[in-house]
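Reading the structure
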Amino acid sequence: MAALSSSKHCCSSSSVYSSSSSFGFHQPQRNIPFPAVSQKRLGSKSVSWQSKCSPSSNVILMQDGALATKKAAIDEAPPSKLKEGLLSVTLPEEHEQPINFNMNADESTVTITVVGASGDLAKKKIFPALFALYYEDCLPEHFTIFGYARSKMTDAELRNIVSRTLTCRIDKRENCSEKMEQFLSRCFYHSGQYDSQQNFVELDKKLKEHEPNFVASSGWKGCKSTFLLIDPTKHIRRCRKICASLSASAAASGWTRVIVEKPFGRDSDSSAALTRALKQYLEEDQIFRIDHYLGKELVENLSVLRFSNLIFEPLWSRQYIRNVQLIFSEDFGTEGRGGYFDHYGIIRDIMQNHLLQILALFAMETPVSLDAEDIRNEKVKVLRSMKTIRIDDVVIGQYKSHTKGGVSYPGYTDDKTVPKDSLTPTFAAAALFIDNARWDGVPFLMKAGKALHNRRAEIRVQFRHVPGNLYNRNFGTDLDRATNELVIRVQPDEAIYLKINNKVPGLGMRLDRSNLNLLYKARYSKEIPDAYERLLLDAIEGERRLFIRSDELDAAWSLFTPVLKELEEKKIIPEYYPYGSRGPVGAHYLAARYNVKWGDIGVDE
Ligand SMILES: NC(=O)C1=CN([C@@H]2O[C@H](COP(=O)(O)OP(=O)(O)OC[C@H]3O[C@@H](n4cnc5c(N)ncnc54)[C@H](OP(=O)(O)O)[C@@H]3O)[C@@H](O)[C@H]2O)C=CC1
Ligand SMILES: O=C1O[C@H](COP(=O)(O)O)[C@@H](O)[C@H](O)[C@H]1O
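Report on the accompanying structure. All values derive from a computational prediction rather than experimental measurement.

1. Things to note about the site of ligand 2
If you check the shell around ligand 2, you find Lys262, His292, Tyr293, Lys296, Glu330, Arg337, Asp349, His354, Lys450, Arg455 and Gln491 and nothing else. Here an oxygen atom of ligand 2 sits 2.8 Å away from a polar atom, N or O, in the side chain of Lys262. Between Arg337 and ligand 2, the recorded distance is 3.3 Å, taken from a side-chain N or O atom to an oxygen atom. In the complex, the protein chains occlude 83% of the 400 Å² of accessible area that ligand 2 would expose alone. Residue composition of the shell around ligand 2, by class: one nonpolar, three polar and seven charged.

Next comes the structure, spelled out in structure tokens:
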């Protein structure tokens, strides 16, 4: 979990504040005029424009009532800053005067705390993503990163661990080691218990010591963000304590945002309990629940593809789409995470969150705007329109050991941290339906598994066959074999391709299926940022579009909780499949029931 400070409280203690960056840092003003404000007449507003690091980010935050409209705000902002997207404004409640804000980007500042810094995710993803942002100049001029966990460590030891995980992009090798040194010199560590307010007060004290002089001298108390990287469901009491400490510190010294990693509960009740615990001390808009699949490039592109191309949106309904497939596979097992995994299983680990989030983005109605709340409103609507999942529409599997080419691969229950008699699914397939006018009757098939034959995540959209197609006789009796299929390959080798029927060149009339192929590595020379880079940047900027709101979470759990309960109460035995195989055959029967063939199986997979 991580917490960020937002401009909302940072600015509340003084009558006139200014801000110089998209990160919302507040300074005594530099006299750039801004429209007058009166708290009574005003509501929250946000303004979006192109930012250097965050193309569609919501960069100006006007809260506690700003008279300024979006247009006025943009009109008032200096063009150079609009270009860079470096503005953030918060208006104090008592403020009745014209407001000014600082435009000096050099004076922007943020403090990032990584709670659970000794863990796997911090090393593997969080520090490398923060470094990538630093390298890209997407972090403010003055930033400090504090690792926090119970393990005893010095700053040097943290830096040593972190340094081993930092890499520069292939196209950004210039000054790489110099940049790493600079980055590491901003990383510090503080050891403490998660439930000790005293330890957090000590941390706060250290954070202050690292604030730049101009922050201290202005009386402004700081903008902080905190990543909570301890399992929030298992450590709910600790999380509540952490939030209490952050909230107490924020009340005295700014405001805080908390970025929380999954798992967000294991069913509706535990998820609601976690939400209650977090909301005891934080407002919903301070909580950033991460689903890292939403930060993946092609998942983000889904809306662009659909809503900015005339050739797709009109086809996006039951009228033209026969089925949609959401596929996740990994070619490795739960090695090393068996203890965690056994408590959750693949449905909770991948389907209820990552695949369902993609489904919601795919199937939602057009949002009013690209504002986070508009998008999330549409996602909630579609999730709430889904039919209860029937147990007959779910197939579960578990991998067993397998020997191939003289190499022996372990079964799931061979992991010492997994009970020998565990029925936890490592594979699942499910058919879901959306009960609305657009998607009535269209199967949304999900498939997710570990220890399969490849690593892949993709969205497949199979279209209906062309009515009265002149070329039907070329396809034989199985017309569905010749339908168009749009494939959005999220990973690896990001690509979007469309399968079309095409005449094979020559004097005859032979058709084949070919791909119109947008392979990212062939089209774009730029390396694709890791999902965590996008998400961390958005969290720091206060952009919520890619984070899960509590009502979305409730809707997702309402959908999956009944079937999960039934599977567990009935102790349904998973279908065993060999490590490295294509998974249980039951998945094919499930698809066949709805006249569907999995698109990832076959000649053109
Ligand atoms: N690792 C991954 O690939 C992914 C992880 N996540 C989620 O991110 C979060 C962090 O994951 P990850 O880093 O792998 O987790 P780890 O198991 O590595 O632990 C993270 C931190 O939790 C603390 N911790 C571990 N056990 C306990 C305990 N029994 N009591 C109190 N604190 C404990 C450790 O700090 P210390 O003991 O020093 O206090 C450690 O720094 C989790 O919520 C996880 O579900 C999500 C997606 C992928
Ligand atoms: O959330 C999780 O995701 C990873 C897969 O993420 P990816 O970005 O590598 O595709 C998965 O291995 C893990 O079990 C799950 O908790």
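2. Looking at the state of the cysteines
Note on terminology: a disulfide is the covalent bond linking the sulfur atoms of two cysteines. Scanning the entire structure with this criterion turns up one disulfide. Two residues, Cys168 and Cys176, share a disulfide whose sulfurs are 1.9 Å apart. A torsion of 95° about the S-S bond marks the disulfide between Cys168 and Cys176 as right-handed. In this structure, Cys168 and Cys176 share a single accessibility class: buried.

3. What about the site of ligand 1?
Neighbouring ligand 1 are 21 residues; Ser118, Lys124, Ser151, Tyr194 and Lys262 lie closest to it. With three residues, the top contributor of residues to the shell around ligand 1 is helix H4 (residues 120-135).

4. What to know about helix H17 (residues 550-569)
Helix length check: H17 (20 residues) gives 27 Å between terminal C-alpha atoms against 28 Å at 1.5 Å per residue, within 8%. Phe560 marks the point of greatest bend in H17, at about 35°, and the proline Pro562 comes within the next four residues. Regarding H17, the residues found buried are Ser550, Glu552, Leu553, Ala555, Ala556, Trp557, Leu559, Phe560, Thr561, Val563, Leu564 and Leu567. Phi turns positive one or two residues past the end of H17, at Lys571, with a value near 50°.

5. Observations concerning the nonpolar core
One finds Phe183, Phe362 and Phe560 to be the most contacted residues of the largest nonpolar core, which totals 147 residues. Top element by residues in this core is helix H12 (residues 338-363). It accounts for 15 residues. Setting aside residues no more than four positions away along its own chain, Phe560 makes contact with Ile347, Met351, Gln352, Leu356, Ile389, Leu432 and Met446.

6. A word on the sheet that holds strand S18 (residues 427-432)
In spatial order, the strands read S23-S22-S21-S20-S14-S19-S18-S15-S25; together these nine strands make up an open sheet with mixed pairing. Each of the sheet's edge strands pairs with one partner strand only, and the pair in question is strand S23 (511-519) and strand S25 (575-578). The mean angle between the axes of side-by-side strands here comes to 20°, regardless of whether they run parallel or antiparallel. Where strand S14 (residues 321-329) lies against strand S20 (residues 456-463), eight bridges are found, and the strand directions are antiparallel. When the sheet's bridge partners are listed, Val324 is paired in S20 with Val461. Helix H11 (residues 297-307) rests against S20, strand S21 (485-491) and strand S22 (495-503) of the sheet, and its axis sits at about 145° to S21. Relative to the sheet, H12 contacts S14, strand S15 (394-400), S18, strand S19 (444-449) and S20, its axis offset from that of S19 by approximately 145°.

7. Section: the packing of aromatic side chains
Scanning the entire structure with this criterion turns up 24 aromatic pairs. Taken together, a centroid distance of 5.4 Å and an interplanar angle of 85° make the contact between Tyr399 and Tyr579 edge-to-face. Here Tyr579 lies in the loop between S25 and helix H18 (586-593) and Tyr399 lies in strand S15, a separation of 180 residues in the sequence. Using a relative accessible area of 7% as the deciding quantity, one classes Tyr579 as buried.

Rules and cut-offs
Residues numbered from 1 in each chain as written. Chains lettered and ligands numbered in written order. Predicted model: local features only at pLDDT ≥ 70, side-chain atom pairs only at ≥ 80, totals over all residues. Heavy atoms only, no water. Near = heavy atom within 4 Å. Polar contact = N/O pair within 3.5 Å; in protein donor to acceptor, adjacent residues only side chain to side chain. Areas by Shrake-Rupley, 256 points an atom, 1.4 Å probe, with all protein chains shown as cover. Nonpolar A, V, L, I, M, F, W, Y, C, P; charged D, E, K, R; others polar. Disulfide = S-S within 2.5 Å. Buried < 20%, exposed > 50% of the residue type's maximum accessible area, 1.4 Å probe, protein only. Helix = DSSP H or I, 4+ residues; strand = E, 2+ residues; numbered from the N terminus. Expected span 1.5 Å × (residues − 1). Bend = angle between axes of the 7 residues up to and from the residue. Core = buried A, V, L, I, M, F, W, Y, C linked by side-chain atoms within 4.5 Å. Contact = heavy atoms within 4.5 Å. Pairing = 2+ DSSP bridges. Axes fitted to C-alpha atoms, helices over the stretch in contact; angles between N-to-C directions. Phe/Tyr/Trp six-rings, centres within 6.5 Å; stacked < 30°, edge-to-face > 60°.

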